[in-house]
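Descriptive analysis of the structure
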Amino acid sequence: MLQRKFAIDPGKMDEEKRGITLNIPQEVKITFSASPQKQQEKSPADGSQTDTSLSSSASLHTATGTTNQPTFNQHPTINEMTTVPPPPPSSPLSFPPATFQKLAPKTFLERHLQSTPATRPSGRSSDAFRKPSLHTNSLSHAHGSAVIRTGDTAVVCGVRGEVLSLTAGSGGRIVVLRSGEDGRRKDEEGEGDEVRERGLVVTNLEMGTGCSRDYHPGPPTDFAQAVTARLHRLLLANKLIPLRPLRILDPNTEEVKAYWVLYIDVVVISLDGNVLDAAWASILAALHSTKLPQAYWDQDTEGVICYPEVSRYKPLEVRGLAFTASFAVIDLGAEKGGKVILSDPDEFEEGVCEERIMVCALEGEKVGWIEKGGGIGQVAEVIECVHRATERFRVWEQLFAEVLGSRG
Amino acid sequence: MTDRRRINGPPEGTTPLEFLTGFTHQSVIKRSPTTLRKIFLKTSLTPPATGSAFLELPTPSSPSTPTLKLTASVYGPRPLPSATAFSPNARLTAELKFSPFSTPGRRRGYIRDGVERDLSAQLSLALVKSVDVGKYPKSAIDVFVSVLDCEGGLGDPGDGKGGGGVEVGLMGVLAAAISCASAAIADAGIECFDLVAGGVAGAMLERDGDVEVGRVGEGGDSGGARPRGEHARKVTLVLDPSPAGDYVILAAAAVGYMAAKDELTLVWTKGSMSPSSDGTEETERLIDGAIRAAIGVRLVINEAIKERWLLGLNEIGLIKEKGVGGDGDTAMD
Amino acid sequence: MSPPTALLSPLPMADGSAQYTDGPTTLLASINGPIEVKPRDEIPLEAYLEITIRPSAGVTSVREKHLEALLRSAISPLIMRTVYPRTLLQITLQIIQHEQASAACTLHTLLASAIVVVVLALVDAGVPMKGMLAAAFVEEADGSAAHVFGYTVTGGGRDPSEGLVFVESDGAFDEKGFVEASEIGRKRCLEVGELMKNWVREKVGKDMRYRLK
């Protein structure tokens, strides 16, 4: 039963195969030369690449050996080849690092990490995060906002309050708890539940802004949706948003008449990997900078009225800090250095590495969330990531203290 | 209908804020009618894109000043999707999107609405004539503009601006989007005939008629007097009108203008002209004003692109520290 | 609580399927593949993995997409996708019932059961895999943290410290607590793994009965 045969039409498979190979011009021959002086000629042509690129280019030649790698014919980026001018017949074709990166992304990364000292294509060491920068309150119509940039990833987060009135048709409200609803950790006040059940926090991540060539305008991709849900869960699980400031009371009876609903929208401006960390930090910074107008329930109009004076705006007392740190893991093989954990992976590294570890570090060296998947590993790797995340927490903490002041 | 692919708010729906009194805390930079606001324009802020630009207006801004902030990124020329038919020219598409937190009043949804569709179409029309599309057969050039923050005046309900006249907010957004996108196209290294700059001018109705014709700007900018109510009020041409400004705009024009070729790629007028004449003269004056605004913006685009180029040349060592180090902020008077 | 039960091949038309009941949770997974793939999703050297989760009521939302992403990261390293390049492997998980006495940890218990049932269905479909994965839910006694661990129970690691494929931990805990929880998780995974092996053995025994006669 385990050896069940599958109904595949072999003729059809061949046809598909031909469809791919037909796109390749016949005259372009992919050959790898082992002649060292060719590499020397090529490498200075690309000014932006460092010496590591050269060494990685060289090591491919020695590693993959000689001519005509048939596996390359099936590679999706093979069409890039057509843009490379055909080589003069006497000298075999050699690639600049950028082409090498596109043709054999995995080998490219592996060669970089095998050089001494191990350096990633971006020039970082494997445990180096990108330096973050933060600006808050630069948007005029949001109640709180933040711009986070880590390397070439940039996100803008805007927090905006709207009013949920309890009188309008809330009498017969049916709360349906759906499967997978994450209702953990309620405390005595049941705060987390109230925020969750009423839907007072609405988190969304927009990637269809031309932030990267892979994301187009239109409905969010599965990836964007998964990150959105992840951010939303983190926000609720860490209970950073206190319930009290979200309540709008009747001034006479002290009864809850309405709620603030916080719309948290994260717009990705530029994407070069690790959108989660940047988006999460931007949400946190925006919440820390959020000031809601003072509002009260007006009995005459049966509505919520806000005071327009800026001096009466009140900060949203966000509780504590929590920062995520993401890692990508690549297995170089037992004899070549084993597993390497890359902190804060960029777009290229995320594309190559399948194994991911994500950690949310809390204050006091606690951990709020760990997610690991995509590869077969061990506990020690996760612990290593926890250590790095704790260090990263301090970097973020310092940045937040500088920008937001002593608050938080 | 809720969006299944996003997290939605409470099913009861939420209402935007209602204030005790109208907005009072907006401060507007005082300037003469013919002065443009300072523009911040910087290219290559979205490195994954082929080309990109960021525009902010006005600058410097204080937290209480509403600003217009938008980013443009350009991808291409890249191969057309295999499903599309053969095209001998490059296909330029433009998408303009308002961020949910960009507008006053109600939060904007994610689904593309009619306004965005309209602005996107106008934007691609304004840009396509400047790009040498014949150079890139079978290719697509995609322009994305995200409005992060705008000054209002979009004609939305609850915008909080009354007093008659036309809203110039959308025109301001479109003009800025044209300038920003054109800078991004140049940043992408796509061959162009010329750059397009957007400019807006409006016919402003003077408050209380206490501004004399001769005292306004460089003179000769004022339109004819127009009776309204009991007072005869002056109508003045104002360049780059701000939707947050404390004046009433009777009519406005936005243009996309290629300064080197002296060609218009887009004209958009709205509002009512004087009922006494056929309006041709006034429309022309408005468009001339918008062109003058566009010429001013063009200088900023030139500076921003030049700066980026010098920076690039400096990086690869072709020139040594010369005229580099600014942040793309170009003053205009 | 009664031990979990499973049924292999409940769906005769699917290439592989499994139903799994653990307390109040009942899930049904079906596998179809390798089948023809849409050109858009085609991967030249690998099979494309499509995972769909259908909730017991209502339509799919962002939460299901999140669960799909988690499930994908758990099972994708075990499937040898290079065996069927340029094809599609379709995994559909139907939540039949998932009710918890409290709202606590519903995502975690669901996730642990989902991994088990999908792995069983993959085995039933005869999809080539590097090993079998078992998942277990571990909760701190005081409710301060909840974990789901996925360990390989066959194939996988050479020594016992290896074989950790999947972690989803929430709460507030420290390094020591996590290591302890992972050890408990590994033991539970091995227990669940034994059950899974028995179910597969039973099924194979039934299928091959004619040979013994």
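Numbering of residues begins from 1 in every chain and follows the order in which that chain's sequence is written. All chains are assigned letters beginning with A, and all ligands numbers beginning with 1, in the order in which they are written. Per-residue local features are limited, in this predicted model, to residues with pLDDT of at least 70; the limit for side-chain atom pairs, both in listing and counting, is 80 or more; totals at the level of whole chains, interfaces and linings are taken over all residues.

Just so we agree on the cut-off: UniProt positions are given in the numbering used here, feature names are shortened, and annotations may be inferred rather than shown by experiment.
In the annotation of an unreviewed UniProt entry, the entry for chain C reads Exoribonuclease phosphorolytic domain-containing protein, and the organism field reads Tuber aestivum. Recorded under Subcellular location (unreviewed entry), the UniProt text for chain C is reproduced unchanged: "Nucleus". For chain C, the Sequence similarities (unreviewed entry) comment in UniProt is given as "Belongs to the RNase PH family."

In the nomenclature of an unreviewed UniProt entry, chain B corresponds to Exoribonuclease phosphorolytic domain-containing protein from the organism Tuber aestivum. If you open the UniProt record of chain B and go to Sequence similarities (unreviewed entry), you find "Belongs to the RNase PH family."

1. Some details on the overall build of chain B
To keep it simple, the criterion reads: Runs of H or I in DSSP of at least four residues are treated as helices and runs of E of at least two as strands, each being numbered from the N terminus. Buried, partly exposed and exposed are defined by the number of other C-beta atoms within 10 Å of a residue's own C-beta, namely 20 or more, between the two limits, and 12 or fewer respectively, with C-beta atoms placed from the backbone. Note on contacts: residues are paired as contacts if their backbone-placed C-beta atoms lie within 7 Å.
Helix and strand counts for chain B come out as three helices and twelve strands. Taken over 333 residues, chain B has a buried fraction of 49%. If you take every contact in chain B between residues at least 6 apart in sequence, the share linking residues at least 24 apart comes to 74%.

2. Some points on the overall build of chain C
What counts here: In this description the radius of gyration comes from C-alpha coordinates, and the expected globular size is given by 2.2 Å times residues to the power 0.38.
Helices and strands together make up the secondary structure of chain C, namely four helices and eight strands. Counting from the amino terminus, helix and strand elements in chain C follow one another as β-β-β-β-α-β-α-β-β-β-α-α. The C-alpha atoms of chain C give a radius of gyration of 17 Å, which matches the 17 Å a tight globule of 213 residues would have. The C-alpha extent of chain C, read off along each of the three principal axes, is 50 × 45 × 35 Å.

3. As for the pairing of strand E8 (residues 295-298) of chain A
Residue and element names in this part refer to chain A. As a reminder, the rule being used: Strands pair, by our definition, only if DSSP identifies at least two bridges between them.
Side chains Ala295 and Trp297 of E8 all project onto a buried face; the interleaved residues Tyr296 and Asp298 project onto a face where none is buried. Examined bridge by bridge, E8 and strand E9 (residues 303-306) share four bridges and lie antiparallel to one another. When the bridges of E9 are listed, aspartate 298 appears paired with glycine 303. Between E8 and the antiparallel strand that follows it, E9, lie four residues; glutamate 302 among them carries a positive phi value of about 55°.

4. A closer look at the sheet that holds strand E3 (residues 25-35) of chain C
For sheets, the rule is that strands pair by backbone hydrogen bonds, running either parallel or antiparallel. All names here are of chain C. To keep it simple, the criterion reads: Lines are fitted to the C-alpha atoms to define the axes, a helix being fitted only along its stretch in contact, and any angle between axes, read from their N-to-C directions, falls within 0 to 180 degrees.
Read from one edge of the open sheet, five strands run E1-E2-E3-E5-E4, paired in mixed fashion. Sheet topology places strand E1 (5-8) and strand E4 (48-54) at the edges, where each strand pairs with a single neighbour. Between one strand axis and the next, the sheet turns through 15° on average, direction left out of account. Two strands pair when backbone bridges link them, and E3 and strand E5 (residues 88-98) are joined in this way by nine bridges, in the antiparallel orientation. By the bridge assignment, serine 30 is partnered in E5 with threonine 92.

5. Describing the packing of helix H1 (residues 114-128) of chain B against helix H2 (residues 169-187) of chain B
All names here are of chain B. Selection rule: Small angles under 35 degrees read as roughly parallel and large ones over 145 as roughly antiparallel, with 65 to 115 read as roughly perpendicular and the rest as oblique. Note: crossing handedness is left-handed where the near helix turns anticlockwise from the far helix by less than a right angle, and right-handed where it turns clockwise. Amino acid classes used here: Ala, Val, Leu, Ile, Met, Phe, Trp, Tyr, Cys and Pro are nonpolar; Asp, Glu, Lys and Arg are charged; the rest, including Gly, are polar.
Interaxial distance between H1 and H2 falls to 10 Å at its minimum, and their mutual angle equals 45°. With respect to their mutual orientation, H1 and H2 come out oblique. Between H1 and H2 lies a crossing whose hand is right-handed. On H2, the residues that touch Val115, Leu119, Gln122, Leu123, Ala126 and Leu127 of H1 are Leu170, Val173, Leu174, Ala177, Ile178, Ala181, Ser182 and Ile185. Here the contact of H1 with H2 is composed, by residue class, of twelve nonpolar, two polar and no charged.

6. Brief notes about the interface of chain A and chain B
The interface of chain A with chain B comprises 52 residues on the first partner and 44 residues on the second. Elements supplying a minimum of two residues to the side of chain A that touches chain B: strand E3 (153-165), strand E4 (201-206), helix H7 (222-237), strand E6 (256-270) and E9 of chain A. Ranked by the residues each element gives to the side of chain A that touches chain B, the list is headed by E3(A), at seven residues.

7. Observations regarding the confidence of the model for chain C
For clarity, the threshold we go by: Every residue gets a pLDDT, meaning the predictor's confidence in that residue, from 0 to 100.
Mean pLDDT over chain C: 90, with 93% of residues reaching 70 or higher. Our summary of model confidence lists the complex with pTM equal to 0.84 and ipTM equal to 0.92.

8. A short note on the packing of helix H10 (residues 379-404) of chain A against helix H3 (residues 175-207) of chain C
H3(C) packs onto H10(A) with a crossing angle of 160° between their chain directions and a minimal axis gap of 11 Å. In this view, H10(A) runs roughly antiparallel relative to H3(C), as classed from their interaxial angle. H3(C) is crossed by H10(A), and the crossing has right-handed handedness. Contact residues: H10(A) offers A:Val379, A:Ile383 and A:Val386, while H3(C) offers C:Glu175, C:Val179 and C:Ser182.

9. Some details on the environment of B:Cys150
Residues and elements named next belong to chain B. The topology assignment puts cysteine 150 in the loop between strand E5 (139-149) and H2. Distance from cysteine 150 to glycine 256, taken between C-alpha atoms, is 19 Å for residues 106 residues apart in sequence. Non-local contacts of cysteine 150, meaning those with residues more than four positions away in its chain, are made with Leu68, Ser102, Thr103, Gly169 and Val173.

10. Details of the sheet that holds strand E11 (residues 263-271) of chain B
All names here are of chain B. Spatial strand order, E9-E6-E10-E11: four strands in an open sheet with antiparallel pairing. Across the chains shown, the open sheet's two edge strands, defined by having one partner strand only, are strand E9 (235-239) and E11. Ignoring strand direction, the axes of neighbouring strands in this sheet form an average angle of 15°. As paired strands, strand E6 (residues 197-205) and E9 are joined by five bridges and run antiparallel to one another. Bridge pairing in E9 places alanine 201 opposite leucine 239. Against the sheet, H1 contacts strand E10 (248-258) and E11, and its axis sits at roughly 150° relative to E11. Of the strands in this sheet, E6, E9, E10 and E11 are in contact with helix H3 (residues 280-315), which crosses E6 at around 135°.

11. Focus on the environment of A:Arg230
Along the chain, A:Arg230 turns up in helix H7. Considering only alpha carbons, one finds A:Arg230 and A:Glu317, 87 residues apart in sequence, at a separation of 23 Å. Once residues within four sequence positions are removed from consideration, A:Arg230 is found in contact with A:Leu276 and C:His66.

12. Let's talk about the nonpolar core
The following threshold applies: By definition, a nonpolar core groups buried Ala, Val, Leu, Ile, Met, Phe, Trp, Tyr and Cys residues that connect through C-beta atoms lying within 7 Å of each other.
Of all hydrophobic cores here, the largest spans 253 residues; its most connected members are B:Val145, B:Ala177, B:Ala181, C:Ile115, C:Val118 and C:Leu120. The dominant element in this core, judged by the number of residues it contributes, is helix H2 (residues 106-125) of chain C, at 15 residues. Residues contacting B:Ala177, with those up to four places away along its chain left out, are B:Leu70, B:Ala72, B:Leu96, B:Leu123 and B:Val145.

13. Re the environment of A:Asn137
Locating A:Asn137 in the fold gives a position in the loop between strand E1 (132-136) and strand E2 (144-150). Separated by 266 residues in the primary sequence, A:Asn137 and A:Val403 place their C-alpha atoms 11 Å from one another.

14. Describing the pairing of E5(C)
Consecutive side chains of a regular strand alternate in pointing toward one face of the sheet and then the other. Residue and element names in this part refer to chain C. Operational definition: A crossover counts as right-handed when, viewed with the strands pointing away from the observer, the path leading from the first strand over the helix to the second turns clockwise.
Of the pairings in the sheet, the one linking E4 to E5 comprises seven bridges and is parallel in character. Looking across to E5, one finds that isoleucine 51 is bridged to isoleucine 91. Each parallel crossover has a hand, and for E4 linked through helix H1 (residues 62-75) to E5 it is left-handed.

15. A look at unusual backbone geometry
With an omega of 0°, the peptide bond between B:Gly76 and B:Pro77 qualifies as cis. Relative to the elements of secondary structure, B:Pro77 occurs in strand E3 (residues 68-79). Look at the link from C:Gly33 to C:Pro34: it is a cis peptide, with omega at 0°. Relative to the elements of secondary structure, C:Pro34 occurs in strand E3. Even without a glycine there, the phi angle at A:Glu254 is positive, about 60°. Structurally, the position occupied by A:Glu254 is in the loop between strand E5 (247-249) and E6. In the Ramachandran plot, A:Glu365 falls in the positive-phi region, its phi being about 55° despite a non-glycine side chain. Mapped onto the fold, A:Glu365 is located in the loop between strand E13 (355-362) and strand E14 (367-373).

16. Brief notes about H7(A)
Residues and elements named next belong to chain A. Definition in use: By this rule, a helix spans an expected 1.5 Å times one less than how many residues it contains.
Helix length check: H7, at 16 residues, gives a terminal C-alpha distance of 22 Å against a target of 22 Å (1.5 Å per residue), a fit within 8%. In terms of burial, H7 is a largely internal element, 13 of the 16 residues being buried. Following H7 by one or two positions, lysine 239 has its phi on the positive side, about 50°.

17. Digging into the confidence of the model for chain B
Residue and element names in this part refer to chain B. Residues of chain B with pLDDT of at least 70 account for 78%, and the chain-wide mean is 81. Looking at the elements of chain B, mean pLDDT is at its lowest for strand E7 (residues 226-228), recorded as 40, and at its highest for H2, recorded as 95. Contacts of residues 158-162 to residues separated by more than four positions or lying in other chains number 14 contacts, the stretch itself having pLDDT below 50. For residues 209-231, every residue scores under 50 in pLDDT, and the model assigns this stretch 41 contacts once sequence neighbours within four places are set aside.

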